[in-house]
Amino acid sequence: GICTAVELKKRLGFENFTIYERDSTLGGTWRDNTYPGCGSDIPGHWYSLSTELNPNWSNLYATQPEIRDYWQNIFDKYNLHSHTQFNSKVTSAIWSNATQKYTVEITNTLSGEKTLVETNVMFYAIGGFQKPVFSTDVPGRECFKGHIWHSARYRHDVDLKGKRVGVIGNGCSGAQLVPTLSEDPSVQITNFCRTPQWYVPRTNYAYPRLVKWIFAHIPFTMRWYRNLLMSDLTFVIFRKSNKRIVALVTKLLSKYIALKAPKSQVTKLTPSYPPGCKRLIVDPGYLECLNRPNVDITWDRIERIVENGIELDTGEVVPLDVIIFATGYSVDPEDLHVRGSLDTTVRSFYKSQGGPVAYLGSSIPGFPNLFILLGPNVISGSTSVIFVQEAQIGLALKLIKPVLAGHLKSVEVKQEVSEQYNLWLQDRLKDSVWNSCDSYYHWDNDRNSRNVASFPGWMSPATLLYWLMRKAERWEDWKVVEVDSQTGWIRKQNRNARRNILLGLSSIPLAMLLYHKYF
C-alpha cells in the first residue's frame, strides 16, 4: 500500500487517494511479526524499493526492526499520514456498471461504525500471508494452564528465563525463533517437528561505516550492488528437468545438514522431496543450535495439548510452561469481499477456478479497476516480492492513468487473455519441483491441487515477470469503457502505437545507410 501511494504521487502526481489500514499503525507483516530473531531471508538492498534505496542497512540480511523503520521513514517522507485512515477495515466493495465505480464499506475496528465511500479504482495491498494459522490437528489449546501464543502475535511481556518452552513448527519462523530463544541457557526448548526442511547456508555480514558512506555518496555504487544481489541463479533448481543440477544441489544441502546438525538427527532432518518444493530456509543458525544442551527436537506426532504440556502419540507428555506456534500463515484472502461487474465475488470466482487465479497475479476478469498486489502465482522462490509488487504497480498505473485523467471509466483484463495466460502458467509449472510435495504453494496444501502461489521461469523469474508486465500494456488485452466513445481514445492510442512502430522500422534503412557511409 505504501509503495502504491508513493508511485501515485511521484509518477502520476495524483493526490486524491486514501489508504485504509485495519490496524492502528503501519507495517503489515513487519509490524505483526516481532518474535526474537525475526528478519528477512532476502538481502535488505534487494528487499527494498528500487526508487527508495537505503545505504544504511546494518547487515546483508535486514532485521524486523530495521525493515519496519524503513517503511516508516518512507511513510513520513511522502506525508502519507494525511492520506491514511487507521483502524479502518474494508469489509466489502460492490461494483456498479451504471456509475462505473465501487461502493466500499469501511468498518471502524474500534467502534464497529460502518461508512460507505465511492471510488473509481481499488488496490488490494493486503499481502500474500494473511492471518496466523494454528495447526488444526493439534487440539486442546484451551486446556493449557501456561502461556500459549502464535509467533506472529509474540508475547514480549512473558519472561522466558528458566522456562520450559515448546515451539511447534520448523519452517522459516521456527528456524529463526529457536536459535534466538536458546541463546539463553536457562530456557529449555523443545522443538516439535513434523516435516524436514531444506536449509541453505546464510553468509551474513555487517556493512562497515565506509561501505555505507560509499553507498550514500558515490553515484551508482549502491545501484550496482543491488543489481549484483538480483543476479540469483537459484531458480534453476526449481525445474525437475534440470536433473543434474537438482541432484547436485540435493547432495550439497544434504552435506550441509550432516555438517551442522547433531549426528543422531541427520537422517530425520534430511527431506525426501527435492530442494525448493517447500520454501528454502536460509539457515540463521537453526541446525547448529540443535547441538545445544538446552534444545531438544522431537518428530513424534502431537496427539493433543494438555494442561501441563503436550501429549505425543507415544503417550509421553512433554511438560511445558510456554507453547509457541510457529506454524505459518493462511494464504487465503478471506477479507477479499469484492463483487464485480458480472455480479460475482472474487471468492466465488476463485472457487470456480479451483483456487485463486489472476492475470499476472493482479487483475481478474469481471472486476474492473481492481488491482491485487502479490496475488496468485507471483512467488518465484528467488525474487524479492518488493520487485514483484513494483512491477505490478507499474502496470496498474499505466492502465489507470487514462481513468484518472477522465478518458476512460474502467479497464479490466479480457477473459480470454487471463485464461490463456493461466493455461500457459500452469503448463510451465508441471515441470517444477513444487509438485513433489504438499505445501502452501498449493490450494488446500495439496500437491494434486492447483498451484496458486508460484511463478515459473526458464530464465530469471524476475526478468520474465517484468517482461510479461511490459507486454501486458497492450490495450487490445483489456476491456475498456470510454468516457466518450465518440472521441475514440483507445483508437488514438492504437493508431499512435502503430505509427511509432512504423517510424522505428523506417529508421532502420537510414541507420544502415549512415553506418555503411561512415564506418
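Refer to the structure above for everything that follows.
Peer 1: What should I look at first to understand the environment of Thr234 in this one?
Peer 2: Among the secondary structure elements, Thr234 is positioned in the loop between α6 (221–230) and α7 (243–260). As for Thr234 and Ile74, which are separated by 160 residues in sequence, their C-alpha atoms are 30 Å apart.

Peer 1: Could you clarify how one ought to interpret the state of the cysteines in this entry?
Peer 2: By definition, a disulfide links the sulfur atoms of two cysteines through a covalent bond. Scanning all chains against the criterion turns up one disulfide. A sulfur-sulfur separation of 2.0 Å characterises the disulfide bridge that pairs Cys277 with Cys437. With the S-S dihedral at roughly -125 degrees, the linkage between Cys277 and Cys437 falls on the left-handed side. In this pair, Cys277 sits in the loop between α8 (266–269) and β13 (281–283) while Cys437 sits in the loop between α12 (415–429) and α13 (461–471), placing the two residues 160 residues apart along the sequence. Under the relative-accessibility criterion, Cys277 is labelled buried at 0%. Exposure remark for Cys437: the relative accessible area of 4% places this residue in the buried category. Free of any disulfide, Cys38 has its nearest neighbouring cysteine sulfur in Cys172, separated by 11 Å.

Peer 1: Would you explain the packing of helix α1 (residues 2–12) against helix α11 (residues 385–404) in this entry?
Peer 2: To describe two helices that pack against each other, one gives the angle between their axes and the distance between the axes. Packing of α1 against α11 leaves a shortest axis separation of 10 Å and a crossing angle of 50 degrees. It follows from the interaxial angle that α1 and α11 lie oblique. When the axes of α1 and α11 are compared, the crossing they make is right-handed. Two secondary-structure elements touch here, α1 through Cys3, Thr4, Glu7, Leu8, Arg11 and Leu12 and α11 through Gln389, Glu390, Ile393, Gly394, Leu397, Ile400, Lys401 and Leu404. Residues belonging to the contact of α1 with α11 are distributed by class as follows: seven nonpolar, three polar and four charged.

Peer 1: Please explain the nonpolar core as it appears in this structure.
Peer 2: Note on soluble globular proteins: their nonpolar side chains tend to be buried together. Counting 112 residues, the largest nonpolar core has Trp71, Leu160, Tyr286 and Leu360 as its most contacted members. Broken down by element, this core gets its largest block of residues, eleven residues, from α11. Leaving out residues up to four positions away in the same chain, Leu160 has contacts with Trp149, Tyr154, Val165, Leu181, Val187 and Val322. Formed by 19 residues, the second largest nonpolar core is a distinct cluster that contains Ile106, Leu336, Val338 and Phe367.

Peer 1: Sorry if this is basic, but what is going on with the sheet that holds strand β10 (residues 164–168) here?
Peer 2: Two modes of strand pairing occur in sheets, parallel and antiparallel, and in both the strands are linked by backbone hydrogen bonds. The parallel open sheet is built from five strands, whose spatial order is β9-β18-β10-β11-β14. Two strands lie at the open edges of the sheet, namely β9 (147–150) and β14 (295–298), each paired on one side alone. Here the average twist between neighbouring strands, direction ignored, is 15 degrees. Where β10 meets strand β11 (residues 188–192), five bridges bridge the pair, whose relative direction is parallel. The partner of Arg164 across the bridge, within β11, is Gln188.

Analysis parameters
- Residues numbered from 1 in each chain as written.
- Predicted model: local features only at pLDDT ≥ 70, side-chain atom pairs only at ≥ 80, totals over all residues.
- Heavy atoms only, no water.
- Helix = DSSP H or I, 4+ residues; strand = E, 2+ residues; numbered from the N terminus.
- Disulfide = S-S within 2.5 Å.
- Buried < 20%, exposed > 50% of the residue type's maximum accessible area, 1.4 Å probe, protein only.
- Axes fitted to C-alpha atoms, helices over the stretch in contact; angles between N-to-C directions.
- Parallel < 35°, antiparallel > 145°, perpendicular 65-115°, else oblique.
- Left-handed = near helix turned anticlockwise from the far one by under 90°.
- Contact = heavy atoms within 4.5 Å.
- Nonpolar A, V, L, I, M, F, W, Y, C, P; charged D, E, K, R; others polar.
- Core = buried A, V, L, I, M, F, W, Y, C linked by side-chain atoms within 4.5 Å.
- Pairing = 2+ DSSP bridges.

These figures come from the coordinates and say nothing about function on their own.
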